[in-house]
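# Coordinate inspection notes
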Amino acid sequence: MRIVFLGTPDYAVPVLSSLFDAGYEVAAVVTQPDRPAGRGRALTSPPVAVWARERGIPVLQPPSLRPPEVAGQLAALAPDAMAVASYGRILPPAVLALPAFGCLNVHPSLLPRHRGPSPVAEAILQGETVTGVTIMQLDEGTDTGPVLAQEEVEIGPDDTAGKLTARLFALGGGLMARTLREWADGRIEAVAQDEARATYSRKLEKADGELDFTRPAADLHNQVRAMDPWPGAYTTFKGATLKVLRTSALPAPSESAPTGTVVTLDGAPAAAVTTDGSLALRELQLEGRRATDAESFLRGRPDLLGAHLPS
């Protein structure tokens, strides 16, 4: 089967790799344009483009899929289907209508739950213990197309959004390779999503990472996990940004203290008092410094103990 693949970041590479290894003819890869990256701000190709070029696969990097000439380029490739994984652009109707077997997308949630741009972070924020990956046929809505296949995944208590997303897309690659062939052979049917069960995630902003210690410890632990790798969870310590990289939820200290106060507990060199317990600060990074575990941090900044982190 001849396909065109659309994807951009690291997460999309395992999906493309699975299709390639499964014997699909990848006519071309469509990805985002090169962007400035690193301290030197040199133009850098997306990971999907790098992977494709290393294997001699043609790469297209249009700023948009809406111009008629771009749709014409894709039509000239004569794909039987298009496979999409974290591409980062909406596919216009003219592109959706091109392949005979449609445009199939890997979505890292169990649709119709957590549609939208941040499904993995949202699942962690909600304290869920199960999520999954969905292969759906794209339509003109936002993650509203019919479902072709799904597979569940457990969310571990310390899973971060980054780690879980990588795991979901790795699983999604194999699921896409199997589903696309079964779909083309007429062995599976598309199932419409139940709109009554639909929920939506939103695009994360930098402010979403700010910790409020008047909230429950478990919710803060979920926030730290959900904001990794971006925008990152943080608070303020003596006028500097203090990134909170790894945590755990613990009971309240034996002696009462105001929320946000940093104390020492059994098994936790530094923990911030919360509204219902405490949040162990396992790994920290002060602005301009390297990330370090709590014990090492306290050796350099013992004044963290007893400090009051803002809420």
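In this report, we go over the structure that sits alongside the text. (Residues numbered from 1 in each chain as written. Predicted model: local features only at pLDDT ≥ 70, side-chain atom pairs only at ≥ 80, totals over all residues. Heavy atoms only, no water.)

## Points about the overall build of the protein
Looking only at helices and strands, one finds eight helices and 15 strands in the protein. For the protein, the C-alpha atoms occupy an extent of roughly 70 × 45 × 30 Å along the three principal directions. A fraction of 65% describes how many contacts in the protein between residues 6 or more apart in sequence connect residues 24 or more apart. Accessible surface computed for the protein: about 14600 Å², of which carbon and sulfur atoms make up 51%. (Helix = DSSP H or I, 4+ residues; strand = E, 2+ residues; numbered from the N terminus. Contact = heavy atoms within 4.5 Å. Areas by Shrake-Rupley, 256 points an atom, 1.4 Å probe, with all protein chains shown as cover.)

## Examining the pairing of strand 11 (residues 240-250)
Pairing of strand 10 (residues 234-237) with strand 11, which is carried by four bridges, proceeds in the antiparallel orientation. Bridged to T236 within strand 11 is T241. Hairpin remark: strand 10 followed by strand 11, antiparallel, with two residues in the connecting loop; positive phi at K238, about 50 degrees. As paired elements, strand 11 and strand 14 (residues 278-286) share eight bridges and run antiparallel to each other. Following the sheet pairing, R246 is matched in strand 14 by E283. (Pairing = 2+ DSSP bridges.)

## Description of the sheet that holds strand 2 (residues 25-30)
Read from one edge to the other, the open sheet built from seven strands follows the order 5-2-1-6-7-8-9, with strand pairing classed as mixed. Looking along the sheet, the strands with just one partner apiece sit at the ends: strand 5 (59-60) and strand 9 (147-154). The pairing of strand 1 (residues 2-7) with strand 2 spans five bridges and is classified as parallel. Note that in strand 2 the partner of L6 across the bridge is V30. Strands in contact with helix 1 (residues 13-21) are strand 1, strand 2, strand 6 (81-85) and strand 7 (103-107); relative to strand 1, the strand with the most contacts, it is inclined by about 170 degrees. (Axes fitted to C-alpha atoms, helices over the stretch in contact; angles between N-to-C directions.)

## Brief notes about the nonpolar core
Core analysis: the biggest nonpolar cluster contains 32 residues, and F5, V15, L19, V29, V106 and M176 have the highest contact counts within it. Looking at this core element by element, the count peaks at six residues for helix 6 (residues 161-184). Counting 22 residues, the second-largest nonpolar core is a separate cluster that includes L211, A272, L279 and L309. (Core = buried A, V, L, I, M, F, W, Y, C linked by side-chain atoms within 4.5 Å. Buried < 20%, exposed > 50% of the residue type's maximum accessible area, 1.4 Å probe, protein only.)

## Concerning the pattern of salt bridges
Counted according to the given criterion, the structure contains 11 salt bridges. In this structure, R178 engages E151 in a salt bridge whose closest nitrogen and oxygen atoms are separated by 3.5 Å. Of this pair, R178 sits in helix 6 while E151 sits in strand 9, placing them 27 residues apart in sequence. The exposure class assigned to R178 is partly exposed, which follows from its relative accessible area of 46%. R246 is paired through a salt bridge with E283; the nearest N and O atoms lie 3.5 Å apart. Taken together, the positions of R246 in strand 11 and E283 in strand 14 put the pair 37 residues apart, joining distant regions of the chain. Salt bridges sharing partners connect three or more residues here, namely K238, R301 and D303. (Salt bridge = Lys/Arg side-chain N within 4 Å of Asp/Glu carboxyl O.)

## Let's talk about the packing of aromatic side chains
Counting across every chain of the model gives two aromatic pairs. A ring pair is formed by Y11 and F169, whose centres lie 6.1 Å apart and whose planes are at 10 degrees; its orientation type is stacked. With Y11 in the loop between strand 1 and helix 1 and F169 in helix 6, this pair connects stretches of sequence that are 158 residues apart. Classification of Y11 by relative accessible area gives partly exposed; the value is 26%. Among the residues examined, F169 registers a relative accessible area of 5% and is labelled buried. The ring of W51 is capped by R55, whose NZ or CZ atom sits 3.9 Å from the centre of that ring. Sitting above the plane of the Y24 ring, R181 keeps its charged end 4.3 Å from the centroid. (Phe/Tyr/Trp six-rings, centres within 6.5 Å; stacked < 30°, edge-to-face > 60°. Lys NZ or Arg CZ within 6 Å of the ring centre and 35° of its normal.)

## Some details on the pairing of strand 1
The two faces of the sheet receive side chains in turn, since in a regular strand these alternate between them. For strand 1, the tally of buried residues reaches five of six residues, placing the bulk of the element in the interior. Strand direction decides the pairing type here: strand 1 and strand 6, joined by five bridges, are parallel. Bridging from a neighbouring strand, I3 pairs with A81 of strand 6.

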